[in-house]
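# Close look at the chain arrangement
Below are the chains, spelled out letter by letter.
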Amino acid sequence: MTALRAAALVTLAIVATGCQSGGDAAEKPAAAPPTSASAAPPTSAAAQPSESPTAVTAANTDEVCRAVDKLIVAGSKRIAADSAAVTRDEETADELNARLKRTLAGLADDVREQAARAEDREIEALIADTAKQLDGGARSATPVKWLSTTFVDIPPKLARGCRA
C-alpha cells in the first residue's frame, strides 16, 4: 500500500506543478516574437488578419500555449483523481496503470492537436515533442514511475519554451 500512497503524492505534486505553470500565461504578451520565424512562409492556410506574420504568430502562440497549459492541468487533475481511487482501495495497482495509460494517451492526442494549430514552427516542435513524451508515458510499463520522473518536467519546459 505504501507504493500506492507514494503514487498519490506524486500525482498531487504533478497537479501543483501544472497549476503553477498556468500562472505564467499573463506574462506571454510581453515576450518578443522570434525574428527568424517572421520571414518564414505561413504554415496555415487560414487568412491572416494583418500584413505582419509576426503579429499573427504571437497571438497564435499565446492561444496555443494557453490551451496546452489547460490540457496539462486538466490531465494532472484526472491523474490525481485516478490515483486517489487506489488509495481508497477502489482500484488495484494494475487498474490504476491501465487508467493512467489511457489518460496519458488521450492527453497526448489533445496536445498533438494543439501542436498542429501552432503557426510558429518552434512552438509546434516544442508541443509536438511534449505529445511524444506523453505517448512514452502511455506506453510505459510503470506509468506511475514515468509520471514522477518525466511528467513533472513537462510544465516547466513548456513554461520556458512558450514564454521565452
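What you see as residue numbers is a count from 1 along each chain, following the sequence as written. Given that this is a predicted model, residues contribute local features only at a pLDDT of at least 70 and side-chain atom pairs are listed and counted only at 80 or more, while totals for whole chains, interfaces and linings are drawn from all residues. By convention in this description, side-chain values take in all heavy atoms of the structure and omit both hydrogens and water.

### Notes on the overall build of the protein
What the protein contains, in helices and strands, is seven helices and zero strands. Burial status follows relative accessibility: with a 1.4 Å probe on protein chains alone, a residue under 20% of its type maximum counts as buried, one over 50% as exposed, and anything between as partly exposed. The buried share among the 164 residues of the protein stands at 39%. The contact rule is simple, with two residues in contact once any of their heavy atoms fall within 4.5 Å. When contacts within the protein are restricted to residue pairs at least 6 apart in sequence, those whose partners lie at least 24 apart make up 77%. Accessible surface area values rest on a Shrake-Rupley calculation with a 1.4 Å probe, where residue burial reflects the displayed protein chains alone. Element-wise, carbon and sulfur atoms account for 56% of the exposed surface of the protein, whose accessible area totals about 8500 Å². Helix and strand definitions here come from DSSP, where helices need a minimum of 4 consecutive H or I residues and strands a minimum of 2 consecutive E residues; each element is numbered from the N-terminal end.

### With respect to the packing of helix α4 (residues 93-117) against helix α5 (residues 121-139)
Taken N-terminus to C-terminus, the directions of α4 and α5 make an angle of 165°; their axes are 8 Å apart at the nearest point. Between α4 and α5, the crossing angle belongs to the class labelled roughly antiparallel. Judged by the sense of rotation from one axis to the other, the crossing of α4 with α5 is left-handed. Across the interface between the two elements, K101, L104, A105, L107, A108, V111, R112, Q114 and A115 of α4 pack against E124, I127, A128, T130, A131, L134, D135, G137 and A138 of α5. In this classification, Asp, Glu, Lys and Arg are treated as charged, Ala, Val, Leu, Ile, Met, Phe, Trp, Tyr, Cys and Pro as nonpolar, and every other residue, Gly included, as polar. Tallied by class, the residues present in the contact of α4 with α5 amount to eleven nonpolar, three polar and four charged. Each axis is a line fitted through C-alpha atoms, and for a helix only the stretch in contact is used; angles between axes span 0 to 180 degrees, taken between their N-to-C directions. Any angle from 65 to 115 degrees is called roughly perpendicular, while one under 35 is roughly parallel, one over 145 is roughly antiparallel, and all others are oblique. Two helices that cross are described as forming a left-handed crossing if the nearer one is turned anticlockwise from the farther one by less than a right angle, and a right-handed crossing if clockwise.

### A look at unusual backbone geometry
One non-glycine residue, D89, lies in positive phi territory at about 60°. The exposure class of D89 is exposed, given its relative accessible area of 59%.

### Regarding the state of the cysteines
When two cysteine sulfur atoms are found within 2.5 Å, that pair is recorded as a disulfide. Evaluated as defined, the whole model comprises one disulfide. Each disulfide pairs two cysteine sulfurs, and for C65 the partner residue is C162, the sulfurs being separated by 2.1 Å. Taking the sign of the torsion about the S-S bond as the criterion, the disulfide between C65 and C162, at about -80°, is left-handed. Placement of C65 in helix α3 (residues 53-87) and of C162 in helix α7 (residues 154-163) is noted, with a sequence separation of 97 residues between them. Considered together, C65 and C162 belong to a single accessibility category, that of buried residues.

### Here's the deal with the nonpolar core
One finds I72, L104, I127, L134 and F151 to be the most contacted residues of the largest nonpolar core, which totals 26 residues. When contributions to this core are tallied by element, the ones reaching two or more residues are α3, α4, α5, α6 (143-149) and α7. At seven residues, the largest contribution of residues to this core is made by α4. Not counting chain neighbours up to four residues away, the residues in contact with L134 comprise I72, L104, L107, A108, V111, W146, F151 and I154. Residues enter a nonpolar core if they are buried and are Ala, Val, Leu, Ile, Met, Phe, Trp, Tyr or Cys, with the set joined through side-chain atoms within 4.5 Å.

### Observations concerning the confidence of the model for the protein
Confidence scores per residue from the predictor, reported as pLDDT, run from 0 to 100. Looking at the protein, the pLDDT average stands at 74 and 63% of residues meet or exceed 70. Across the protein, the secondary-structure element scoring lowest on mean pLDDT is helix α2 (residues 35-38), at 38, and the one scoring highest is α5, at 96. With pLDDT under 50 throughout, residues 1-6 is counted as low confidence; its partners more than four residues away or in other chains account for seven contacts. Across residues 15-57, where pLDDT falls below 50, the model places 47 contacts with residues more than four positions away in sequence or in other chains.

### Topic: the side chain of T103
Tracing the chain through its elements places T103 in helix α4. Using a relative accessible area of 11% as the deciding quantity, one classes T103 as buried. When sequence neighbours within four positions are dropped, the list of residues in contact with T103 reads G75, R78, I79 and D82.

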